[in-house]
Structure formats: C-alpha cells, structure tokens
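Breakdown of the fold
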Amino acid sequence: MKGPILSAKGLVRRYGDRVAVAGFDLTVHRGEAVGLLGPNGAGKTTTLSMLAGLVQPDEGEVLIDGLAFVGEDDPRKQRVGLVPQDLALYGEISAAENLAFFGSLQGLSGSLLKHRCSEALDMVGLTSRSGDRVKTFSGGMKRRLNLAAALVHDPDLLLLDEPTVGVDPQSRNAIFDNIEALRRAGKTLIYTTHYMEEVERLCDRVVIMDHGKVIADDTLAGLSQRAVTAGRMAMELADVRDGAWLQTLQSVSGVVTAALVDNTLSLEVLEVDRGAAAVLACLRDHGVRVTAFSTHQPRLEDVFLQLTGRSLRDG
Amino acid sequence: MKTLTQLVALVRLDLRLFLADRRALIMLFVVPIGIASFMGSLFGGSGTKGGKGGIGGGGGMDIVMVDEDGSAVSRGVVAAFQNDAQFKVLLTNAAAARDLVLNGKRPVALVLPKRFGADAIPGWFDAKRRPEITVWHDPSRSMERSLVEGLLVPKVVQAVAGNALTPEVGRDFIRKGLTNLDRGPGRMLGQSERFREWLQRSDDYLATLPSGGRLTTGGTNTFSIPLPFSTKSQALTRTATAEYNGYAHSFAGMGIQFVLMSLLDMSIGLLRDREAGMFRRLRAAPLRRGTWLLAKTLSFGLISLVSLTGCFAFAIVVFGVRIEGSWAGFAACLMAVSAMSATLALTIAAIGGTPAGTRGVGIAALLMLVMVGGAWVPAFVFPKWLQSVSRVTPTRWAVDGLDAMTWRGLGWEAAVGPIGALVAFTALFGLIAWLRFRWETE
C-alpha cells in the first residue's frame, strides 16, 4: 500500500485547563523507526494514546493508511500494537495464557492464535517458560512478555511506550535485539523514551517533544548537524611557559573559546576536524608541547539541551 | 464472531483468575458455609422435628424459678413449666435467681411469692388479694420474656384449678355469685334468670362430688375449669412434607452476603487493573466497552451462581435442606440473584472510582443491604418500618425468593415476584455501571 502508514495532523488534547498535547503533526512511512523523545510530562504518552486510538483528540485527526479510527472496535486497531509503559500482564496465569487472551481480544482464535502465541514467545525468548505463571518471572522477562503481548496479532505498526523502564542492562539488550529484529522484518516503529542512547541505537528519525509540542523532527544526522557548534576539545600540555600564545590561539579562525586551567587546555570550536589542525599548528609555532588530546562530538543530548534549554531527564 | 471470541476470552480469563486465587475461593465457599452452618444452628437448626438448641430449638429455654410459697398451687406452677419441653427450669432462691439474670446466664426468672396458693382463689374475685408473680428478665432478651409471660397464664390457671379449687370452694363461689345476682338487678342484661339456672345446676353438680376432692383438668369424675380454647400447633408450609429448616434461610443469607463481598473484591481488582495500565492494552484492541462490561457481568454472575449452588448443595447434603417448592423457581431465583449481584458489584466500582474509595463505600453499602435485607436474621423480626424499608433492597427479594422455594415450599408462581424485582434491580445497576464506569485511564 502506498502512502504513509500513519499520519497525525494537528493533534490537541486537553485535561481541564492543562494542555497535554498542543498541535502534534507526524507522518510515518512503512518500515520507519521513529524515536519520540522528550522529558517526563512532555506529552509523549498522551500522544501515543491518541495514535493508538485509546484517546480521542480534542482537535486534529489520526489516520491509519489514510483512514481515521471509527468506534472502539475499528478493525484498523488490529494493525497497531501497543506496548504500554506499565506491565499490563496477569501474574496469576501463564505467559502462554496471557498471550492467548490478548490475541483473542484481537479476534484471533484456534490454530492461528496458537501459532501466533508460539511465534511471539519464541521471538522474545520465553518459549521455555511459556507454561509458568508470570508472577514468577523476573522484571526483564516480564518486560519481554509485555512486548510479546503487543506482537501476538502481528501488527504492522508498533507503538512502544518506554519499553525498557526499570530493566537491567542484560534484559535491555535483549529487548533491543527484539526491536532490531522487528525492524529487519519491516515493522514500523514509534518508540518513546527519554534515553538518548536508545533512540540513537534503534531509530533513524527523531521527533523531539516538549510541553506538548514538536520542537524538532529530523534524522539523527540532520539533528547532529544542528549541534555542530558544540564541538569541544581538551588537550594536556607540557612546557607551558607563559600565556601569550593563549591570546593568539583565541584569534585562530574557527575557535570559539579557549581556556587554560593548570596544564589542561579546553576549547570550543566550530568544526572539530578543521579546528584541531589550526589549534595544533598554533601551539607548535609557540613551542607548546601536547601530551594528550581528546575531542567530544555533539550528540543528541546536546541537541536536546540546545533546543529545550534543559536536560532530557529533568522532571 | 469477533465479539463472541472476545466475550468468551474475557469470561474465561475471569474464571481462570478466580480459580487461581485461593483466597477468593475460600471467601466464596468455605467462609459462607461455615458461618451459615453456625447461623442455621442458632435459628432453629434442621427443622421442627428433632431440632436442636436455639430459641426455637428443642433443647429448651433455660429459665429460673423461685418458689417462696411451697404450696401445692405454687408447686403445680413449677411442675407445669418443668413438664413443658420448651423450658429447662432451674429452681433456686431469689438471690441466686436475681444474680443469674443480672449476669446474663438466664434470660428470665419467675418468683412465686409467699401465700401464692392461699391467695390465688380469692384473688380471682378480689383484686386486693391477688398475688403478684415477679418476672425478672434480661433487658436484651425480650423475646424470651414475652414467651414466658405468655405461657405463664394457662399454667397458673391450671395449677390453681387443679390444686386449690375443691367442690366446697366451688359451691362457696356459686353462692356468692347468686347473692351478687340478687343484689344487682338487670346486671345480666335480662338474662339473669338463665344465669341463675346455670349457677344452680353447677351447685347441684358440685354437691354430688365427694367432699375434699380436687378439681382437676380432665378425668371423668372430676370437676374442671377448662381453658376457653385449645391450641393445635402446625408449621404452615405449602407441601405436607415441608418443614422449617433454619439452615435454608442462613445458607441463602450468608451465601448472598459472601457472593456480594467476593464480587466487590473482584470489582476492586478491575479498578486496580485500570490504575496499573491494563485498560490501555484492552482498549488498544478492537474491543467495545459494552462487550467488556457484558463479559464482566457474565463472569461475575457465573461465579456467583456456582458459589450459591455450592453452598446450597452443601446445605442439602449435610443439613438436610430441601427444595420443598419449585426446582425451576429455585434455579431461576439463583440466576436472578447472581445477575443482580454481578451488576451491583460493577455499580459500586463505577461509583467508588478508586480501589480505596470503592472498598470503603462498598463494604458499608453491602453490609447495610444484607443486614436490612434479612440475610442475617429473617426480616419478620424487624420493626414494621424497617420491614417496609427492606422492601426496596435487592437482598430482601433475593432472600425471600430463596426462602419461598426452599423451606416455605411454595410453587414457582411465588418466585415470579422476587425474580421480577431482581431483574429490575439488575437492569438498574447495569444501567448505572454502563453510564458511570470509567473506561479511559488518561
């Protein structure tokens, strides 16, 4: 099918006087992996709820394959899989029973349901524990089952709401492997998180939200370009006799700031590669010897800081 | 087809979760059976034939009697109570009797005063000489006091007649009566001549009896003062074999109470699921809110039906409770009670909103309903105004319907009223749950 799998136009959602989402636009094509990034309270979960058809927007519309959801039991919901932030599982029954239940709600039954449950369990590596009660699972295993429950009906579009919250590094890696496998299988993903490194690993496009609005929507490379001014370098120096060379260094083209504390020289440059060469030439001309050298490339965290003025993990 | 698949999945899940919850199983089966067995034994036990203990049971009510007179008449009163199977009489002195009642060890004490026997006959005609029987009673046991006072009259009359009324005394009273008749013209409203004739004949009859003989009740050659009535006690049920079984009522009452409590607990579980984010996943599926509510009503109703059936099966096997009325009516009553209980639990959850709020409101509301509805004690012991109030509670209709089909032995037509009321309550509660239950979590 041609055209975007998901299209959201001008979504607004209010809770009393509070505006949770204030005009959200997004178009997602098949096979894309979009990271929805923002601090707590940015409106990510509400946005995801509207995209999944759980909440009606006060304004705007959500289109799946060009058509809006109609009613609670719209069959287009079967094309979407939601991985909620909370562990939405029944602890008193087995993993297989959980998946069978959620699959039945999606209209699956009989051998197809069994087959899909088996596939989903296999994908998250829980086949050997399929008959065990979920309450006996570790946190990481529950997270993986939480993912499987959204996959059991084989949706085309997967909405993942912070799926790695509170899991150990090993389980997190296992979930990343699962999501990368889904990408390879051609699934479309929208992944909300406030962990920058997750987006950098899993997504090829990033939408940054703050205060219910989209403040950036670009590829990772495109966003990194915006933060190019933030390139930094640090050098350990020997034979620092006087500071006359420091004034010369500050006037070198491409150097934004230069500061010397003890034997450590810290610099901000417009472009790290060109800036580094010019700085090293200037130091050599003044007889200053460099014993160690490091650079810091701008990352998404810096972009976010630059765009919003606050860190991602700020409440 | 998809809706049916969803409905079956939702109902099956609830049953599976219910069976996996040991605490819920105990609450629905073990606890009501235990408490109903206890309550049933208090309220009459297994029927009128050979029932044990309790107020209405065959074990007899413990009372205390004090005979300060020691006359034949007072001894006759004491013997009358001792020979009555409804009482177990402890004969003691006044101080001990008072202590026993004061300490709540006996509900009632009767004190027959000195000269009771001597004054009993003159007291019949002279209010100033009438002996006074003291009745001490525990203020919390008014039912027992009423029973003792009610039975005191015939026992005293019979004891006095049998022990103090000789032919001579009788003739003396007749002579006084004839004298009074002469002094009061027109006293008998024109029938004085016929009364005089009747007294004269009685006097003639007494003159034929041996001097010094006693006038007892019964016997062919003795004079008696019979009571102007006799009683024939018969437990009134529709079928000849039906008899009251206290367990039938207590199992109905306690079964309903614990079904409601358990369903309240399950509906609070729904609210916990909602808080925990489970509803986000449910609503992400193509599932109607109406389908979900219907599934909850069905699963709650089914659990309720199984629990009530289990309780009654136990009562039938162990305590001999019988469905003396219509089996179809009984089954329909159980289904109506189950449907009403399911929707009531959902309504309480819808109104309560949060788990904590629902628990508080729910427990208070359910206790009130089961208490006023007669689930603990039969509604007929309530004051009249409370009986009227109880008519607007679904629990009253539920208990009445089950009572009618069990120990009252009424036909299916007697179940129509309670079932109609329960269906109406089900519709009302279902509507409230439909309108008020919050499906969205955001």
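Attention here is on the structure that accompanies the text. (Residues numbered from 1 in each chain as written. Chains lettered and ligands numbered in written order. Predicted model: local features only at pLDDT ≥ 70, side-chain atom pairs only at ≥ 80, totals over all residues. Heavy atoms only, no water.)

1. Examining the overall build of chain A
- A count of helices and strands for chain A gives 10 helices and 14 strands.
- Within chain A, the proportion of its 315 residues that are buried is 49%.
- For chain A, the accessible surface area stands at approximately 13700 Å², while carbon and sulfur atoms represent 49% of it. (Helix = DSSP H or I, 4+ residues; strand = E, 2+ residues; numbered from the N terminus. Buried < 20%, exposed > 50% of the residue type's maximum accessible area, 1.4 Å probe, protein only. Areas by Shrake-Rupley, 256 points an atom, 1.4 Å probe, with all protein chains shown as cover.)

2. Considering the packing of helix 12 (residues 327–352) of chain B against helix 15 (residues 394–405) of chain B
Residue and element names in this part refer to chain B.
- The N-to-C vectors of helix 12 and helix 15 enclose an angle of 165°; their axes lie 9 Å apart at closest approach. It follows from the interaxial angle that helix 12 and helix 15 lie roughly antiparallel. You can see that helix 12 and helix 15 cross each other, and the crossing is left-handed. On helix 15, the residues that touch Gly329, Phe330, Cys333, Leu334, Val337 and Met340 of helix 12 are Pro394, Ala398, Gly401, Leu402 and Met405.
- Tallied by class, the residues present in the contact of helix 12 with helix 15 amount to nine nonpolar, two polar and no charged. (Axes fitted to C-alpha atoms, helices over the stretch in contact; angles between N-to-C directions. Parallel < 35°, antiparallel > 145°, perpendicular 65-115°, else oblique. Left-handed = near helix turned anticlockwise from the far one by under 90°. Contact = heavy atoms within 4.5 Å. Nonpolar A, V, L, I, M, F, W, Y, C, P; charged D, E, K, R; others polar.)

3. Section: the packing of aromatic side chains
Residue and element names in this part refer to chain B.
- This model, assessed by the stated rule, comprises 16 aromatic pairs over all chains.
- Aromatic side chains Trp292 and Trp439 sit 5.5 Å apart centroid to centroid with 50° between the ring planes, which places their arrangement in the tilted category. Placement of Trp292 in helix 11 (residues 289–319) and of Trp439 in the segment after helix 16 (413–436) is noted, with a sequence separation of 147 residues between them. Trp439 shares its class with Trp292; the two are buried.
- Taken together, Tyr247, Phe251, Phe314 and Phe319 form an aromatic cluster joined through their ring pairs.
- When the ring centre of Trp136 is taken as origin, the NZ or CZ atom of Arg98, which lies over that ring, is 5.4 Å away.
- Here the basic side chain of Arg391 rests over the ring of Trp397, its NZ or CZ set 5.1 Å away from the ring centre. (Phe/Tyr/Trp six-rings, centres within 6.5 Å; stacked < 30°, edge-to-face > 60°. Lys NZ or Arg CZ within 6 Å of the ring centre and 35° of its normal.)

4. Some words on the interface of chain A and chain B
- Every contact between the two is made by 35 residues of chain A and, on the other side, 26 residues of chain B.
- A buried area of about 2800 Å², summed over both sides, lies between chain A and chain B, and 59% of it is on carbon and sulfur atoms.
- Seen at the junction of chain A and chain B, the total is three salt bridges.
- Glu97 of chain A serves as the salt-bridge partner of Arg16 of chain B, at 2.7 Å between the closest nitrogen and oxygen.
- Elements represented by at least two residues in the side of chain A that touches chain B include exactly strand 1 (6–15), helix 1 (44–52), strand 6 (80–83), helix 2 (95–105) and helix 4 (139–151) of chain A. (Buried area = accessible area lost by both parts, 1.4 Å probe. Salt bridge = Lys/Arg side-chain N within 4 Å of Asp/Glu carboxyl O.)

5. Observations concerning a nonpolar patch on the surface
- Taken together, the side chains of Phe38, Leu42 and Phe43 of chain B define a hydrophobic patch exposed on the protein surface, amounting to about 280 Å² of accessible area.
- Mapped onto the elements, Leu42 of chain B comes out in helix 2 (residues 22–42). (Patch = residues over 30% accessible without salt bridge, like charges linked within 9 Å, V, L, I, M, F, W, Y side chains within 5 Å.)

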